[in-house]
Amino acid sequence: MSALCVRCGFTKADYLSVCPDCGHRPEGDGVLVGWLLSSENLDEAQMVATAARIRSGEPIRPSRKMLAKARRALGRQVATDPGLGLREALALLGANVLFSPLVGWTCAAWWWSERPRASLQAVLLSAPASVAMTALWLWVGTRGAT
């Protein structure tokens, strides 16, 4: 197998390795792009043409469809979803409490295919908020009935 460096177009041993020419290391979704620029996905002629595009300074920006193809091909081999950061988690928790737990459930559904770890975290933040909100509404309902 061989792969192109997304930064300089150098041909390297595989899509996960550090580029010996410029030192670029693929991380996160860059691993997916690295796989897309490998002999696993491109034939020899496509690799030569893509390397020329990279060397000429043209940025490589694969579509969501192509990134999804790489995710399917790599499966669990490469973890590309770091999950929610602290700020994202706090913002989601705040939205669950201030607005509605539906915000968290919507995010979980929206992120499911592209960010499974973030989706699971959204569920884990939204489930307790849903239970708390339901309990609050039940309590308010029983207080108003008397």
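Residues numbered from 1 in each chain as written. Predicted model: local features only at pLDDT ≥ 70, side-chain atom pairs only at ≥ 80, totals over all residues. Heavy atoms only, no water.

Draft legend 1. Summary view of the side chain of Ser130. When you line up the elements, Ser130 lands in helix α6 (residues 116-145). Excluding anything up to four places from it in sequence, Ser130 contacts Pro101 and Trp105. (Helix = DSSP H or I, 4+ residues; strand = E, 2+ residues; numbered from the N terminus. Contact = heavy atoms within 4.5 Å.)

Draft legend 2. Main features of the environment of Ser38. Structurally, the position occupied by Ser38 is in the loop between α1 (29-36) and α2 (44-55). Look at Ser38 and you get buried, because its relative accessible area is 0%. The sequence separation of Ser38 and Cys5 amounts to 33 residues, and the corresponding C-alpha distance is 9.1 Å. Residues contacting Ser38, with those up to four places away along its chain left out, are Met1, Ser2, Ala3, Tyr15 and Met47. (Buried < 20%, exposed > 50% of the residue type's maximum accessible area, 1.4 Å probe, protein only.)

Draft legend 3. Spatial organisation of the nonpolar core. Formed by 16 residues in total, the largest nonpolar core has its most connected members in Tyr15, Trp35, Leu37 and Leu74. Contributing elements (two or more residues each) for this core: β1 (3-4), α1, α2 and α3 (64-74). Excluding residues within four positions of it along the chain, Leu74 makes contact with Tyr15, Val31, Leu32 and Trp35. In terms of nonpolar packing, the next biggest core, distinct from the first, is built from seven residues, Cys107, Trp111, Ala118 and Ala122 among them. (Core = buried A, V, L, I, M, F, W, Y, C linked by side-chain atoms within 4.5 Å.)

Draft legend 4. Structural detail: empty space enclosed by the protein. With the rule as written, the count across this model stands at one cavity of 30 Å³ or more. Lining the largest cavity are Leu4, Cys5, Val6, Lys12, His24, Pro26, Gly30 and Gly34. Grouping the constituent residues of the lining of the largest cavity by class yields four nonpolar, three polar and one charged. (1 Å grid on protein atoms, 1.4 Å probe; cavity = no way out; pocket = protein on both sides within 12 Å on 5 of 7 lines; lining within 4 Å. Points joined across faces, edges and corners; volume = space filled by probe spheres on them. Nonpolar A, V, L, I, M, F, W, Y, C, P; charged D, E, K, R; others polar.)

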